[in-house]
Structures are given as C-alpha cells and as structure tokens.
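Descriptive structure summary
What follows is each chain in one-letter form.
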Amino acid sequence: MNSRMWGGRFAEGPDAVMEEINASIDFDRKLFPQDIAASKAQAEMLAACGIITANDAEKILHGLDTILREFEAGTFTFSRALEDVHTHIEARLIELIGPAGGRLHTARSRNDQVATDLRLWVRDAIDAIDAGLRDLQSALADKALVNATTVMPGFTHLQTAQPVTFGHHLMAYVEMIGRDRGRFADARRRMNESPLGAAALAGTSFPIDRQATAASLGFDRPAANSLDAVSDRDFAVEAIAAASLTAVHLSRFAEEIVVWSSAGFGFISLSDRFTTGSSIMPQKRNPDAAELVRAKTGRIVGSLTALLIVLKGLPLAYQKDMQEDKEPVFDGLETLALAITATVGMVRDMEPNKAAMRKAAGAAYSTATDLADWLVQTLDMPFREAHAVTGAVVQRAETLNRPLHRLALDDLQAIEPRITADVYGVLGVVQSAASRNSYGGTAPANVRKEARRWLKRLKKEGVR
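Let me begin by describing the structure that accompanies this report. In this text, all values refer to a predicted model and were calculated from it rather than measured experimentally.

A separate point is the environment of Gln211. One can find Gln211 in helix α8 (residues 210-216). Along the sequence, Gln211 and Leu196 sit 15 residues apart, while their C-alpha atoms lie 9.7 Å from each other.

In structure tokens, the structure reads:
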C-alpha cells in the first residue's frame, strides 16, 4: 500500500522538486495535537453512528493516545516523504493497530481535516493571546494606580501640550488593549464552527453526526455549507488582522518606552532584565526588548498581507495554495504572543523618574490652557479673547525667560488688569492635572477610579 493518501492511481513517484514543494510537515507539525483531537472525535462519532465497530474505534483511540504521547515525548519520527501531519499520524496509526487504522479516514477528507485542525489551533492561540493581553492590562492598571498623581507632560505633535498623569497615560493603553481583546473575541465567536464532515467539498453519503463532532471539539455548531467549510480561511485572516492592530498598539507603546528611557527624556528606567549593553560603549543601556517589540510588528503585518494575497484569487473550494496559509498564521500569532509577554515584563519592570517627569510637565508653558480657562471661568471672558490674552502672557514669559507661575502679578496685569493673585492656583502642573476632572480626564481621582474598576474586572475574568 502506498504510504501517501493519494498514491493509488499513480504509477510513478513525484519528482524530487515536487516532493520538496509539496511537503508541509516542516511547519504543519504544529497541528499535531489538534489533529489527534479531531481524529478522536471522528472515531467516536463513526462508532456511535455504526459506521465502524466499537472495537475498531477503541483500537483507534488507544493508538491515537499512544501517538500523542510519542509526540509529546519527542520520540515521534517525522519524514518529509509523508508530506504532512495528517499522513504521518494515519501511517503511524496503521503501523500500530493494523487495518483498523485505515478506517479512521472514513467520511472525511484532508480538506475538512486541515480546516478543522487549523481552526482548533487558531482558537487555542486566540485564547492564549487573550490571557496575555489580560495580564498586560493588569500590569498597566497596577502601575497606573501607583502613579495616579505622578505628573508628566502630555504631548500633541510630540510637543509639550498639557500636564497629565503617568497613570492616565498608562490607562490609555488599557483601553486600547481592551478593544484588541474585543476584536479577538469577535473573531473567535465567528470562527467557532466545525468544518469536520464537509469531506472534500460536497459532504458525504455516510450517515454521520456532525453535531456530535462539533460538540466534542468545543465548536458551537457545524459549518452549514460544505463548500464554504473547506475553503473558508476568514477565521485566520480575522485573527491575523486583530493581531496586526494589537501589534501596532504594542509598537506605539514600545516606541514611548524607547523615548522615555533615553537620556534626553529620562522619564523611566528599565533594569538589566529588559535592556542590553553595547559591544564598544560600556556606559550604554539599550532598550532592546522594546525595540524588538516595535520591529516585530512588521512580521505580524507581513503575515496578514501574505495570507490575503494567498487567498485573493482562489475559486471554490479547496486549493493547494491554502497550504501556504499556515506559516503566516503560525508565525504571526506566535510572534504576537512573544511580544505581549515581553511588554508585560517591561511594564512591571519600569520605574518612573518622577522628578524628571514633573520638571518636563511644566516646560513649554504647558499650563497656558489653564490660564485661558481661568480667564473664562473667573472673568467671564469669551474663550477666543482669553486665548489671545493667554498668548500675550506666554509671549511675555518667553521674553523674560520665566515659566508662567513665576511671572509677577504686575506682568500679568499689564496684559489683563483684572487678573488677580488667585490665578497662581491654576498655573502649577499638579493643580492643572487635578483640575481635569471631567469624565475620562487625567485627574488623579479619575485615574484611581478607572484603574480600580479595570483591576476588579480583570480579576473577575481571571478566576472564571
């Protein structure tokens, strides 16, 4: 018997280059546990439907358990001649239990088999990524709670804009990651349909129970159309698309870590655990973990592009092109998982330099908006007029080379005579941040409330 699933009508073996381009075992061996799980569900269903005997099913299940133990122990033998993970498992099963192993493939094809395996793998990957993102949110919220009053500059155009708190800044990423988790959850919900039983493309004449295999594998339902079931890779695209946007968010945060830890900013420090040195400059401490998280975004977005291009011109149903779906999916989701773990570590490791942050928060006349707001609220001045008056005050401060809160009252009254000494109560960076108490604002009370709310929610999620 030919060891290949398809060799019966072929008189000659494949050319060496055909064997090279056709083999996928080097990467699809990642599907090994999922293929065993789906095969066990198939065997149990076939026996329950009377398609194979209970005795054969018992042999198959025992054989599959043996094969999985070999794989987990690292003793399973792989050969590129057997092409893919499905052929490897079936060949070893027949070797172990004899002809009964050949009955496992009844009423299924490699087409629905690989579609099922890949869905299972992506679903597992999404679950692991979600757990990692939850840890990242917890790390950010923990750090935010401790730094609810730590003042730093807020930026627009990377220019100092208004004082904010470090905690508020970190909580912005908690919100971002929350949306990322929502996208993964949506993708998981849509993908949770079982292709098993669609066979090659048209279904099967055997009296199978697709509801049973779907339930056994944790799917919500069987896929409703056999053509779509074997050709659909939307679930993979959605997962990689969600991963790409998540990676972009991680990259933005990594960029801030790089900037914040530079000598020019000095806002945070990272320990030896997340930095490296220079081969020539002994004083250097490089934020390489952050830089690598930033760079790996390119790999993940590249995986999305590769997968979309593989699929863009394919007619229904299954095509061999789909063999090329796995490497970008595996690499993209595994790379993201690594980047998440590294980011969690950096968040928990980083230590803010509160003095440097506070000093920078007061630079570039960052409380000018507070002055304009005071003019509106206290003097009933139209905002546009207050804006112009404040601009003149800033110009005066620049001329005298003084921060706003160091201007003499006479200097302020020379521009607007109605200004009183009460104005100094809004010109400090701490007061400025504390005054932004509108919903979603940077006030420490807001930050504490939001951080505690998220931490309570995340703790509840973690004990489900």
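Another point: the packing of helix α6 (residues 110-146) against helix α10 (residues 234-260). The contact between α6 and α10 brings their axes to 11 Å, and the two run at 25°. When the interaxial angle is binned, α6 and α10 end up roughly parallel. Seen from above, α6 lies across α10 with left-handed handedness. Here α6 contributes Ala115, Leu118, Arg119, Val122, Ile126, Leu133, Leu136 and Leu140 to the contact with α10, which in turn contributes Phe235, Ala239, Thr246, Leu250 and Phe253.

Using the criterion set out here, one finds 31 salt bridges in the structure. In this structure, Arg190 and Glu238 form a salt bridge, with 2.6 Å as the shortest nitrogen-oxygen distance. Placement of Arg190 in helix α7 (residues 166-191) and of Glu238 in helix α10 is noted, with a sequence separation of 48 residues between them. The exposure class of Glu238 is partly exposed, given its relative accessible area of 26%. Across the salt bridge formed by Arg285 and Asp272, the nearest N and O atoms sit 2.6 Å from each other. Here Arg285, found in the loop between β5 (268-269) and α11 (288-311), pairs with Asp272, found in the loop between β5 and α11; they are 13 residues apart in sequence, far enough to count as distant. Judged by its relative accessible area of 46%, Arg285 is partly exposed. When salt bridges that share partners are traced, they join Asp130, Arg181, Arg457 and Glu461 into one network.

What follows concerns a nonpolar patch on the surface. On the surface, Val17, Met18 and Ile21 cluster together into a nonpolar patch covering about 320 Å² of accessible area. Relative to the assigned elements, Ile21 resides in helix α1 (residues 16-22).

Here 6 bridges tie strand β1 (residues 151-156) to strand β2 (residues 159-165), and the two strands are oriented antiparallel to one another. Pairing of Gly154 across the sheet is with Gln162, part of β2. Taking the residues between adjacent antiparallel strands as the criterion, β1 and β2 are bridged by 2 residues, where His157 takes a positive phi near 60°.

Let us now look at the packing of α7 against helix α18 (residues 444-462). Where α7 contacts α18, the two axes come as close as 10 Å, and the packing angle between them is 35°. In this structure, the crossing between α7 and α18 has a hand that is left-handed. For the pair formed by α7 and α18, the contact residues are Gly167, His168, Met171, Val174, Glu175, Gly178 and Arg181 on the first element and Val447, Glu450, Ala451, Arg453, Trp454, Leu458 and Glu461 on the second. Split into classes, the residues belonging to the contact of α7 with α18 amount to 6 nonpolar, 3 polar and 5 charged.

Here we take up helix α5 (residues 85-97). The end-to-end C-alpha separation of α5 is 18 Å, in line with the 18 Å expected for 13 residues at 1.5 Å each. Listed in full, the buried residues belonging to α5 are Val85, His86, Thr87, His88, Ile89, Glu90, Leu93 and Ile97. Buried residues along α5 sit in contact with α2 (25-28), α3 (32-48), α4 (54-73) and α6. Where α5 starts, the residue carrying a side-chain oxygen 3.1 Å from the main-chain nitrogen of His86 turns out to be Asp84. Looking one or two residues beyond α5, the residue adopting positive phi is Gly98, at roughly 85°.

With that out of the way, let us pick up helix α15 (residues 383-400). The terminal C-alpha atoms of α15, which comprises 18 residues, lie 25 Å apart, in line with the 26 Å expected from a rise of 1.5 Å per residue. Turning to α15, its buried residues number three or more, namely Ala386, Val389, Thr390, Val393, Val394 and Ala397. Viewed end-on, α15 has its buried residues packed into an arc of 145°, placing them on one side of the element. Across from the buried face of α15, at angles greater than 90 degrees, the exposed residues are Arg384, Ala388, Gln395 and Thr399. Contacts from the buried residues of α15 go to α14 (368-379) and α16 (409-415).

The rules behind each value
Residues numbered from 1 in each chain as written. Predicted model: local features only at pLDDT ≥ 70, side-chain atom pairs only at ≥ 80, totals over all residues. Heavy atoms only, no water. Helix = DSSP H or I, 4+ residues; strand = E, 2+ residues; numbered from the N terminus. Axes fitted to C-alpha atoms, helices over the stretch in contact; angles between N-to-C directions. Parallel < 35°, antiparallel > 145°, perpendicular 65-115°, else oblique. Left-handed = near helix turned anticlockwise from the far one by under 90°. Contact = heavy atoms within 4.5 Å. Salt bridge = Lys/Arg side-chain N within 4 Å of Asp/Glu carboxyl O. Buried < 20%, exposed > 50% of the residue type's maximum accessible area, 1.4 Å probe, protein only. Patch = residues over 30% accessible without salt bridge, like charges linked within 9 Å, V, L, I, M, F, W, Y side chains within 5 Å. Areas by Shrake-Rupley, 256 points an atom, 1.4 Å probe, with all protein chains shown as cover. Pairing = 2+ DSSP bridges. Nonpolar A, V, L, I, M, F, W, Y, C, P; charged D, E, K, R; others polar. Expected span 1.5 Å × (residues − 1). Polar contact = N/O pair within 3.5 Å; in protein donor to acceptor, adjacent residues only side chain to side chain. Arc of directions from axis to C-beta.

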